There are 2 protein chains.
Amino acid sequence: MSVNTAIILAGGVGSRMGVDRPKQFLMVQDKPIISYCFDIFQKHSEIDNIVVVVSEQWQPFVEEHARKYGVDKIRGYAPAGKTRQHSIYNGLKCIDANCPGTDIVIIHDAARPLVSDEIISSCIQGAKDHDGAMPVITVKDTVYQSKDGEIIDCLLKRSELFAGQAPESFRFKRYYQIHNEVTDEEIGATAGSSEIAYRHGMEIRMVKGSERNLKITTIEDLETFESILKGGN
Amino acid sequence: MSVNTAIILAGGVGSRMGVDRPKQFLMVQDKPIISYCFDIFQKHSEIDNIVVVVSEQWQPFVEEHARKYGVDKIRGYAPAGKTRQHSIYNGLKCIDANCPGTDIVIIHDAARPLVSDEIISSCIQGAKDHDGAMPVITVKDTVYQSKDGEIIDCLLKRSELFAGQAPESFRFKRYYQIHNEVTDEEIGATAGSSEIAYRHGMEIRMVKGSERNLKITTIEDLETFESILKGGN
């Protein structure tokens, strides 16, 4: 049995929705979105620990709702970083300090409250069989590449394209070590949490994601989430 | 002034929606989707001619509705081909036979009834300034590339990725000539109508597309279209 620790990223403070708070803290049926996310990881039998990355300002709110909904796997809070990958690094440090023996880290976005148990399990399995795993779905767009943003260079092969989701999972020690060894600039320039892994030789397996595992970004996404909660989807 | 001829592609016979007819012939508010598309090209001051690619079986339906809604720019019908690009080639032959003096061809999908006048105009302008043009929108997904479909090779730079829409526009003579010169296999292997153009040296400019210019593929898309027609979006 491996020890599996989840990092829940809730450090974002902006909102593209023009509402009064970051999207992961919006209330849906009187419960913040992040709590739906906690529920899934709390109940999942393969998740041993949870670490939360959150800004100081929102930590009391998160702690209060964790208590309210009986989330007892939380082992620590880490401060939000200046980029998503810096936040992840803060979460990794928190695991190193508070979750001894962690074999696999599972990094999830608080704004993806519809992740399934199956996706979490297959991410854990993928990190056991390889060095890491990421759920993906097919890309529906016809995607062209243009280096200058004006003239088309080429059409990309749809069969080779995959849209990445969360959670991403990694063998903890190796992933943490990479972060300790690279420059701060490299961490800042990382656009996806798998990128820094495969760039440093980790083999990242793709596992089956789901259309339903959406990241709540727009009002429309929020409505979809509400509709799914009501059993309408 | 250039002579601009539109090809409306309505040759598809399948349906992913599980309904009784190809999606471009579905009735929305008692009017087939293709007729909404015709309306836009009929009214557009820069469009001189329309050529329709349609299967023999559906041609009478299209002709009847073209009469009913006063579409008098239609100069000819071409048979559907075995692939989308073969259908385009049939449309190009029809232009060569029936629309003398055509400078620019604008190729549109009958199932995109929400294209704007502005997009059509900028496609025409783009084909005048370059060799062709295609409307694009940004790609929202985080797109990874994997050659084997199992292990991630790389994360693609989002700033270099664009989702292609229709209509695509080309300088007619050169685009037609390419089709006359290449093998039937190459036409069949073409995944996007711009692909065969830039592969043979034509410079294709990207112009601003729109989220609204959706291709009706799913029941959800159909509902979005209906909602927009009702002014709900």
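Everything below is about the structure shown above.
Residues numbered from 1 in each chain as written. Chains lettered and ligands numbered in written order. Predicted model: local features only at pLDDT ≥ 70, side-chain atom pairs only at ≥ 80, totals over all residues. Heavy atoms only, no water.

**Focus: the packing of aromatic side chains**
Between two aromatic rings, the relevant description is the distance of the centres plus the angle of the planes.
And step 1. One pass over the structure, following the stated rule, counts 14 aromatic pairs over all chains.
And step 2. Through a chain of ring-to-ring contacts, the aromatic side chains of A:Phe25, A:Trp58 and A:Phe61 assemble into a single cluster.
And step 3. In this structure, A:Lys31 is placed above the aromatic ring of A:Tyr36, and the distance from its NZ or CZ to the ring centre is 4.9 Å.
And step 4. Between the NZ or CZ atom of B:Lys93 and the centre of the ring of B:Tyr89, over which it lies, the distance is 4.3 Å. (Phe/Tyr/Trp six-rings, centres within 6.5 Å; stacked < 30°, edge-to-face > 60°. Lys NZ or Arg CZ within 6 Å of the ring centre and 35° of its normal.)

**Observations regarding the interface of chain A and chain B**
And step 1. Residue-level contacts link 34 residues of chain A with 34 residues of chain B.
And step 2. With both chains or domains summed, chain A and chain B bury close to 2,900 Å², and 61% of this area falls on carbon and sulfur atoms.
And step 3. For the chain A face of the interface with chain B, the top three residues by lost area are A:Tyr144, A:Ile152 and A:Glu160, together amounting to 22%.
And step 4. In this assembly, chain A and chain B are joined by two salt bridges.
And step 5. Summed over the shared surface of chain A and chain B, the result is 16 residue pairs in polar contact (both at pLDDT 80 or more).
And step 6. If you list the elements that add at least two residues to the side of chain A that touches chain B, you get β8 (143-145), β9 (154-155), β10 (161-164), α7 (195-199) and β12 (204-208) of chain A.
And step 7. With four residues, β10(A) is the largest single contributor of residues to the side of chain A that touches chain B.
And step 8. The pairing of β8(A) with strand β10 (residues 161-164) of chain B spans three bridges and is antiparallel. If you follow A:Gln145 over to β10(B), its bridge partner there is B:Leu161. (Contact = heavy atoms within 4.5 Å. Buried area = accessible area lost by both parts, 1.4 Å probe. Salt bridge = Lys/Arg side-chain N within 4 Å of Asp/Glu carboxyl O. Polar contact = N/O pair within 3.5 Å; in protein donor to acceptor, adjacent residues only side chain to side chain. Helix = DSSP H or I, 4+ residues; strand = E, 2+ residues; numbered from the N terminus. Pairing = 2+ DSSP bridges.)

**Considering the pattern of salt bridges**
Pairs may arise between side chains of opposite charge once their charged atoms sit close together.
And step 1. Following the criterion strictly, the structure yields 22 salt bridges over all chains and no others.
And step 2. Ionic pairing is found between A:Lys82 and A:Asp184, a salt bridge with its closest N-O pair at 3.0 Å. One end of the pair, A:Lys82, is in the loop between β5 (74-78) and α3 (84-98); the other, A:Asp184, is in helix α6 (residues 184-188), and 102 residues separate them in sequence.
And step 3. Take A:Lys82: its relative accessible area is 65%, and that puts it in the exposed class.
And step 4. Across the salt bridge formed by B:Lys147 and A:Glu160, the nearest N and O atoms sit 3.4 Å from each other. With B:Lys147 in the loop between β8 (143-145) and β9 (154-155) and A:Glu160 in the loop between β9 and β10, the pair connects residues from two separate chains. (Buried < 20%, exposed > 50% of the residue type's maximum accessible area, 1.4 Å probe, protein only.)

**A few points about the environment of B:Ala191**
And step 1. Turning to its location among the elements, B:Ala191 is positioned in the loop between α6 (184-188) and α7 (195-199).
And step 2. Between the C-alpha atom of B:Ala191 and that of B:Arg84, which follows or precedes it by 107 residues, the distance is 8.3 Å.

**Some words on the environment of A:Ala78**
All names here are of chain A.
And step 1. With respect to the element layout, Ala 78 can be found in strand β5.
And step 2. Ala 78 sits in the buried class, given a relative accessible area of 3%.
And step 3. Residues Ala 78 and Val 54, spaced 24 residues apart in sequence, show a C-alpha to C-alpha distance of 6.4 Å.
And step 4. Once you skip the residues sitting within four places of it in the chain, Ala 78 turns out to touch Val 52, Val 53, Val 54, Asn 90, Gly 91 and Cys 94.

**Remarks on the relation of the copies chain A and chain B**
And step 1. Superposing chain A onto chain B takes a rotation of 180 degrees plus a shift of 0.0 Å along the axis, which leaves an RMSD of 0.1 Å. On this basis, the relationship between the two copies can be described by a two-fold rotation axis.
And step 2. Looking at chain A, 100% of its interface residues are interface residues in chain B too, so the copies touch through the same face. (Least-squares fit on C-alpha atoms with pLDDT ≥ 70 in both.)

**So, helix α5 (residues 172-181) of chain A**
All names here are of chain A.
And step 1. Within α5 the residues assigned to the buried category are Phe 172, Tyr 175, Tyr 176, Ile 178 and His 179. Take α5 and look down its axis: the buried residues cluster within an arc of 155 degrees, on one side only. Of the residues in α5, the exposed ones pointing more than 90 degrees away from the buried face are Lys 173 and Glu 181.
And step 2. Looking at the buried residues of α5, the elements they touch are α3, β6 (104-109), β11 (168-171), α6 and α7. (Arc of directions from axis to C-beta.)

**Observations regarding the packing of α3(A) against α5(A)**
Residue and element names in this part refer to chain A.
And step 1. Where α3 meets α5, the axes come as close as 10 Å, and the angle between the chain directions of the two elements is 125 degrees. By the angle between their directions, the pair α3 and α5 is classed as oblique. The chirality of how α3 crosses α5 is left-handed. In this structure, α3 uses Gln 85, Ile 88, Tyr 89, Leu 92, Lys 93, Ile 95 and Asp 96 to contact α5, whose residues at the interface are Phe 172, Tyr 175, Tyr 176, His 179 and Asn 180. (Axes fitted to C-alpha atoms, helices over the stretch in contact; angles between N-to-C directions. Parallel < 35°, antiparallel > 145°, perpendicular 65-115°, else oblique. Left-handed = near helix turned anticlockwise from the far one by under 90°.)

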